[in-house]
Amino acid sequence: MKFLSFEHQGRPGFGLLRGDAVVDLGGQGHADLQAAVAAGALPRLAAAAERLDATLPLSALTLLPPIANPGKIICVGVNYGHRNEEYKDGSAPPQYPSVFPRFPESFVGHGQPLLRPPESEQLDYEGEIAIVIGKAGRRIAAEDAWSHIAGLTCLNEGTVRDWLRHGKFNVTQGKNWDASGSMGPWLVSAEAFDPQAPLTVTTRVNGEVRQHDSTANLMFPFAELIRYISIWTTLKPGDVISTGTPIGAGVRFDPPRFLKPGDVVEVEVSGIGTLSNPVADETAARP
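About the cut-offs
- Residues numbered from 1 in each chain as written.
- Predicted model: local features only at pLDDT ≥ 70, side-chain atom pairs only at ≥ 80, totals over all residues.
- Heavy atoms only, no water.
- UniProt positions renumbered as here; feature names shortened; annotations may be inferred.
- Phe/Tyr/Trp six-rings, centres within 6.5 Å; stacked < 30°, edge-to-face > 60°.
- Helix = DSSP H or I, 4+ residues; strand = E, 2+ residues; numbered from the N terminus.
- Lys NZ or Arg CZ within 6 Å of the ring centre and 35° of its normal.
- Core = buried A, V, L, I, M, F, W, Y, C linked by side-chain atoms within 4.5 Å.
- Buried < 20%, exposed > 50% of the residue type's maximum accessible area, 1.4 Å probe, protein only.
- Domains from an automatic or database assignment.
- Contact = heavy atoms within 4.5 Å.
- Arc of directions from axis to C-beta.
- Pairing = 2+ DSSP bridges.

Per an unreviewed UniProt entry, the chain goes by Fumarylacetoacetase-like C-terminal domain-containing protein and derives from Achromobacter insuavis. Turning to the chain, the UniProt record has this under Cofactor (unreviewed entry): "Mg(2+)". We quote the UniProt Sequence similarities (unreviewed entry) comment for the chain here in full: "Belongs to the FAH family."

Following this line, the structure appears as structure tokens:
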């Protein structure tokens, strides 16, 4: 099932996608999709939607990140095997995941512009698969990890590259510019996936494939990420874990191929769909 968050005629809402229209679930006892996830209500809402009409055309909605205000957004770096080789430093595969936080304001929804800030011309893309936590847990065993997942979504972990190097031991500055990344277009509930079946992630810029890989090549699979992260922080419903990006980010080209106003970035994940966003200068988009 594909659940999405949206604005319609100035009103926030959430619903379930059916073809090219949406079943409005705003009257089903939950304030938003995040509250529905926290209540473990997605199966009940899916059943309720079968009795309701899809009255909202998808084209009439402004899509928001599926989870608008996660308590935690934890991103994983260098998680595909080829990504470690991409650094060409001869290092062995890492023993532990590399993680860092992002803030909700750094993401926009499907169709909304990614903003290149006036302070940098090095806005880059990183196509990823994001996990949305559905059940709270601490020190979650890997074999139990899938039961803590509400669903999966696409994510563009947009990065301002030169600002990554401002701090010696962190990348937070380059990873948290307002509206530099995107999430969506919807949340596909966990029961739609076989936990053992690999997923593919593909990133295109203006139709050109820049990134493509399979989760079969993850150094730290979803279950291991949940196990490791939940050792040191309690994962709660609505928390987001972004699982890493394949090789092919713009910074890795010679010369680098950073995003420019007018570009369109697409992140496609098998079993989910395609997240698409145009690129605009921040000053032009937010006078």
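Peer 1: Summarise the packing of aromatic side chains; cite the residues concerned and give the values.
Peer 2: According to the stated counting rule, one finds 2 aromatic pairs in the structure shown. Note on W163 and W177: the rings are 4.9 Å apart at their centroids and 90 degrees apart in plane angle, and the pair reads as edge-to-face. Linking W163 in helix α4 (residues 161–164) with W177 in the loop between α5 (172–175) and β14 (181–189), this pair joins segments that are 14 residues apart in sequence. The ring of F107 carries the charged tip of R102 above its face, separated from the ring centre by 4.5 Å. In this structure, R210 is placed above the aromatic ring of F253, and the distance from its NZ or CZ to the ring centre is 5.5 Å.

Peer 1: If you had to explain the nonpolar core to someone new, which residues and values would you point to?
Peer 2: Counting 37 residues, the largest nonpolar core has L4, I129, I131, L152, I226, I241 and I272 as the members making the most contacts within it. Taken together, the elements giving at least two residues each to this core come down to β1 (2–8), β6 (73–77), β11 (127–133), β12 (149–156), β14, α6 (222–232) and β18 (264–269). In terms of residue count, α6 provides more of this core than any other element does, 5 residues in total. Mapped onto the domain boundaries, this core takes at least three residues apiece from domain 1 (1–64) and domain 2 (68–281). With sequence-adjacent residues up to four places away left out, L4 is seen in contact with G13, F14, G15, L16, L17, V22, L33, L58, L61, L63, P185 and W186. By size, the runner-up hydrophobic cluster in this structure holds 25 residues, among which are L25, L42, A46 and F100.

Peer 1: Which residues make up helix α2 (residues 42–49), and what values go with them?
Peer 2: An α-helix turns once every 3.6 residues. As a result, residues three or four positions apart point the same way. L42, L45, A46, A48 and A49 are the residues of α2 that are buried. Down the axis of α2, the smallest arc covering the buried residues is 160 degrees, so these residues share one side.

Peer 1: Give a description of the UniProt feature "domain: Rv2993c-like N-terminal" (unreviewed entry) in the chain that names residues and reports values.
Peer 2: The sites that UniProt annotates as "domain: Rv2993c-like N-terminal" (unreviewed entry) are residues 1–66. Taken end to end, residues 1–66 has its terminal C-alpha atoms 13 Å apart, with 21% of it in helix and 36% in strand.

Peer 1: Give a description of the environment of P65 that names residues and reports values.
Peer 2: As for its placement among the helices and strands, P65 is situated in the loop between β5 (62–64) and β6. Among the residues examined, P65 registers a relative accessible area of 10% and is labelled buried. C-alpha separation for the pair P65 and P185, spaced 120 residues apart in sequence, amounts to 7.0 Å. Here P65 is in contact with S5, F107, V108, G109 and M183, once residues within four sequence places are set aside.

Peer 1: Quick rundown of the pairing of β12? Include the residues and the values.
Peer 2: Among the 8 residues of β12, 8 are classified as buried, and the element is accordingly described as predominantly covered. In this sheet, β12 lies alongside β11 in antiparallel orientation, the contact comprising 7 bridges. If you follow I131 over to β12, its bridge partner there is L152. Alignment of β12 against β14, held across 5 bridges, turns out to be antiparallel. The residue of β14 that forms the bridge with N156 is S182.

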